[in-house]
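Notes for the structure review
Letter by letter, the chains look like this.
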Amino acid sequence: MLIGFSNLRQTTARLPFMLKIATWNVNSLNVRLPQVLDWLRTQQPDILALQETKLSDPDFPTLDIAEVGYQAVFSGQKTYNGVAILSRLPAHDLITDLPALDDPQRRVLAATIGGVRVLNLYVPNGQAVGSDKYRYKLGWLSQLNAWLATELKQHNTLVVLGDFNIAPEDRDVHDPSAWAGQVLCSEPERAAFQRLLDQGLKDTFRLFPQEERSFSWWDYRAAAFRRNLGLRIDHILASPALAAICHGCRIDPAPRRLERPSDHAPVVAEFNFDLG
DNA sequence: ATGGTTGGAGGCCAA
């Protein structure tokens, strides 16, 4: 017993520890709270970024989330948008707005958790190419790109994750010809996504072999999930230092199969920190 | 065949 404990102490110092970071657009945390609590209990992520909470801050279910062992920070909005970060460790140095964008829409929440800088995003949907909302989306992404540059200067270990509302490549689309040039897939949106990667971020999902036709969002209509007619629009991007220790990234389709699901599935990335 | 479904407001809009 004593020997075993001694060995454990010796080896623990050299064992890597895994940091599990996830993102999930829940499409109303009110409706999805039981599913989120179950998912936290079974998957045990260290950090879970939520989008589309659709809750004002006083209504945030802080106590329910604390009961399963997580702290919560949030930037909420009634009815629309709303982002939150749930974590084992406390979150500090919060930012809730893109600099130089005076925007009442709650789509951004940055925090530092256990030394990792986390940028949680709910990128505007854009509605349709050429619409006012599409122009807002592209302007928003431009401001995001500028902000990311300043964040990367300050933080070596950084993740940008959330609902990007962009399918980066045709392989992220169930029917590329049908979606060609459409919102979520248009060239200006993909170029904006590429500009984030051009700053050194890696799409952690594509660091690993993945099944073909892997998607993170399926329309509620036309039995799209059953037919796997989806898009991969939820992403976990990692700075070079974090990408180098990324150990895996996967989409968890299980919650999408539940009754009253979100239209998005969670995405999970794991990082190995060697404390030796 | 330009459909269909969900959430939340509030008697349509956003996704």
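Values in this document were obtained by computation on a predicted structure and should not be read as measured data.

Attention now goes to the nonpolar core. Core analysis: the largest hydrophobic core is formed by 31 residues, its most contacted members being Ile21, Ile85, Val116, Val118, Val159 and Phe271. Sequence-distant contacts of Val116, defined by excluding residues within four places in its chain, comprise Leu19, Ile21, Ala111, Thr157, Val159, Leu242 and Phe273.

Around DNA strand B, the structure places 15 residues, and the nearest of them are Ser28, Val31, Arg32, Thr79 and Arg221. For DNA strand B, the fraction of atoms within 4 Å of the protein that belong to sugar or phosphate moieties is 69%. Residue Lys133 places a side-chain N or O atom 3.3 Å away from a sugar or linking oxygen belonging to DNA strand B. Taking Arg260, its side chain carries an N or O atom lying 3.1 Å from a phosphate oxygen of DNA strand B. The greatest single-element share of the surface near DNA strand B, amounting to three residues, is contributed by helix α2 (residues 29–43). Residue composition of the surface near DNA strand B, by class: four nonpolar, five polar and six charged.

This part covers the UniProt feature "site: Interaction with DNA substrate" (unreviewed entry) in chain A. In this numbering, the UniProt entry assigns the feature "site: Interaction with DNA substrate" (unreviewed entry) to His264. Take His264: it is sitting in the loop between β13 (246–251) and β14 (267–274). Those residues in contact with His264 that sit more than four places away from it in its chain are Trp24, Asn25, Asp163, Ser216, Trp217, Ile233, Asp234 and Arg256.

With that settled, consider the sheet that holds strand β9 (residues 202–203). Across the sheet, which stays open at both edges, the six strands sit in the order β5-β6-β7-β8-β12-β9 with mixed pairing between neighbours. The sheet terminates laterally at β5 (91–95) and β9, the two strands that pair on one side only. One ladder, built from five bridges, connects strand β8 (residues 158–163) with strand β12 (residues 234–238); its direction is antiparallel. Looking at the pairing, Gly162 lines up with His235 of β12. Here helix α4 (residues 132–154) sits on the sheet and contacts β5, β6 (108–113), β7 (116–122) and β8; the angle it forms with β7, its principal contact strand, is near 175°. Most of the contacts of helix α6 (residues 187–198) go to β12, to which it runs at about 25°, and overall it touches β9 and β12.

Below, the discussion takes up the UniProt feature "active site" (unreviewed entry) in chain A. Within the UniProt annotation, "active site" (unreviewed entry) is assigned to Tyr122, Asp163 and His264. For the annotated residues, spread through 143 residues, the largest C-alpha to C-alpha distance comes to 12.5 Å, consistent with a single compact locus. Among the secondary structure elements, Asp163 is positioned in strand β8. Classification of Asp163 by relative accessible area gives buried; the value is 1%. Here Asp163 is in contact with Asn25, Gln51, Leu121, Tyr122, Val123, Ile233, Asp234 and His264, once residues within four sequence places are set aside. Within polar-contact distance, the side chain of His264 engages the side chain of Asp234 at 2.8 Å.

With that settled, the discussion passes to the pairing of strand β1 (residues 16–25). A large share of β1 lies buried, amounting to seven of its ten residues. In terms of strand pairing, β1 meets strand β2 (residues 47–51) through five bridges, oriented parallel. From the neighbouring strand, Thr23 faces β2, where its bridge partner is Ala49. Note that the unit made of β1, α2 and β2 has a crossover that is right-handed.

Scoring rules and cut-offs
Residues numbered from 1 in each chain as written. Chains lettered and ligands numbered in written order. Predicted model: local features only at pLDDT ≥ 70, side-chain atom pairs only at ≥ 80, totals over all residues. Heavy atoms only, no water. Core = buried A, V, L, I, M, F, W, Y, C linked by side-chain atoms within 4.5 Å. Buried < 20%, exposed > 50% of the residue type's maximum accessible area, 1.4 Å probe, protein only. Contact = heavy atoms within 4.5 Å. Near = heavy atom within 4 Å. Polar contact = N/O pair within 3.5 Å; in protein donor to acceptor, adjacent residues only side chain to side chain. Helix = DSSP H or I, 4+ residues; strand = E, 2+ residues; numbered from the N terminus. Nonpolar A, V, L, I, M, F, W, Y, C, P; charged D, E, K, R; others polar. UniProt positions renumbered as here; feature names shortened; annotations may be inferred. Pairing = 2+ DSSP bridges. Axes fitted to C-alpha atoms, helices over the stretch in contact; angles between N-to-C directions. Right-handed = clockwise from strand over helix to strand, strands pointing away.

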